[in-house]
Amino acid sequence: MKKSWQTLLLTMALLLFSGCIRTSTLEWIKPEQETFSTSGKPVVYHLNARNCGLYLFNVIPIWSGKVDMPNRKDYELWEDMVNYWDMRRLLDCELKRLGADEVEDISMKSYSSGAWGLWIFWKKSMTATGVAVKNNTNAKKMPLK
């Protein structure tokens, strides 16, 4: 019995540190030239967000990245933060500081893998990209092609 508990604890430790150390991350990149979103608004920054979590049987969340405070290695226990709505919150969390009003042209992808955890422990990851735009009525309109 003691040996099985040690094995379980060792497995949990390995799973916790198997590529999900960076929980929620948000990266913003200034565009090199003046670009516009698909709606014609000026782009302030290109955004790339990522969040991941560890799940039991791919259903029960054990831990996932905290979306309100990205890039700080904070996490939430027993909460599912790897979903569409929380990824949207992750993209929106730094808008005021970046000088933008909203995020447009959002694209999201979700991945999950359980083979490394013998299909007991699953790692879910979600990535999102978008552009932070400024709602400026005086801005130049997108040029027609």
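Refer to the preceding data block for the structure.
Residues numbered from 1 in each chain as written. Predicted model: local features only at pLDDT ≥ 70, side-chain atom pairs only at ≥ 80, totals over all residues. Heavy atoms only, no water.

## Quick notes on the overall build of the chain
Assigned secondary structure in the chain consists of 3 helices and 6 strands. Traced from its N-terminal end to its C-terminal end, the chain shows the element sequence α-β-β-β-β-α-α-β-β. Here the chain holds 145 residues, and 37% of them are scored as buried. Within the chain, residue pairs in contact and separated by at least 24 positions form 62% of the contacts whose partners lie at least 6 positions apart. Total accessible area computed for the chain in this model is approximately 9,300 Å², and 59% of it derives from carbon and sulfur atoms. (Helix = DSSP H or I, 4+ residues; strand = E, 2+ residues; numbered from the N terminus. Buried < 20%, exposed > 50% of the residue type's maximum accessible area, 1.4 Å probe, protein only. Contact = heavy atoms within 4.5 Å. Areas by Shrake-Rupley, 256 points an atom, 1.4 Å probe, with all protein chains shown as cover.)

## Thoughts on a nonpolar patch on the surface
The grouping of Phe 57, Val 59, Ile 60, Tyr 75, Leu 77, Trp 78, Leu 118, Trp 119 and Ile 120 at the surface amounts to a nonpolar patch, some 1,000 Å² of accessible area in total. Among the secondary structure elements, Phe 57 is positioned in the loop between strand S2 (43–56) and strand S3 (60–65). (Patch = residues over 30% accessible without salt bridge, like charges linked within 9 Å, V, L, I, M, F, W, Y side chains within 5 Å. Salt bridge = Lys/Arg side-chain N within 4 Å of Asp/Glu carboxyl O.)

## Here we look at the side chain of Glu 76
If you trace the backbone, Glu 76 turns up in strand S4 (residues 75–77). Glu 76 gets classed as buried once you look at its relative accessible area, which sits at 18%. Contact partners of Glu 76, with chain neighbours within four places excluded, come to Ile 62, Trp 63, Ser 64, Lys 66 and Met 81.

## Brief notes about the environment of Asn 71
Along the chain, Asn 71 turns up in the loop between S3 and S4. Among the residues examined, Asn 71 registers a relative accessible area of 43% and is labelled partly exposed. In the structure, Asn 71 is positioned 22 residues away from Ala 49 in sequence and 9.9 Å away in space, judged by C-alpha atoms. Contact partners of Asn 71, with chain neighbours within four places excluded, come to Ser 24, Thr 25, Leu 26 and Trp 28. One polar contact links the side chain of Asn 71 to the main-chain amide nitrogen of Leu 26, over a distance of 2.9 Å. (Polar contact = N/O pair within 3.5 Å; in protein donor to acceptor, adjacent residues only side chain to side chain.)

## Notes on the pattern of salt bridges
What the rule picks out here adds up to 7 salt bridges. Taking the shortest distance from any N to any O, the salt bridge between Glu 104 and Lys 41 comes out at 3.2 Å. Of the two residues, Glu 104 sits in strand S5 (residues 102–113) while Lys 41 sits in the loop between strand S1 (25–29) and S2, which places them 63 residues apart along the sequence. A network of salt bridges, in which partner residues are shared, links Lys 41, Glu 102 and Glu 104.

## Focus: the nonpolar core
Tyr 45, Leu 47, Ala 49, Met 87, Leu 91 and Ala 132 are the most contacted members of the largest nonpolar core, which totals 20 residues. Elements represented by at least two residues in this core include exactly S2, helix H2 (84–92), helix H3 (95–98) and strand S6 (121–133). Among the elements that make up this core, the one with the highest residue count is S2 (5 residues). Residues within four places of Leu 91 in sequence aside, it is in contact with Leu 26, Leu 47, Ala 49, Val 103, Ile 106 and Ala 128. (Core = buried A, V, L, I, M, F, W, Y, C linked by side-chain atoms within 4.5 Å.)

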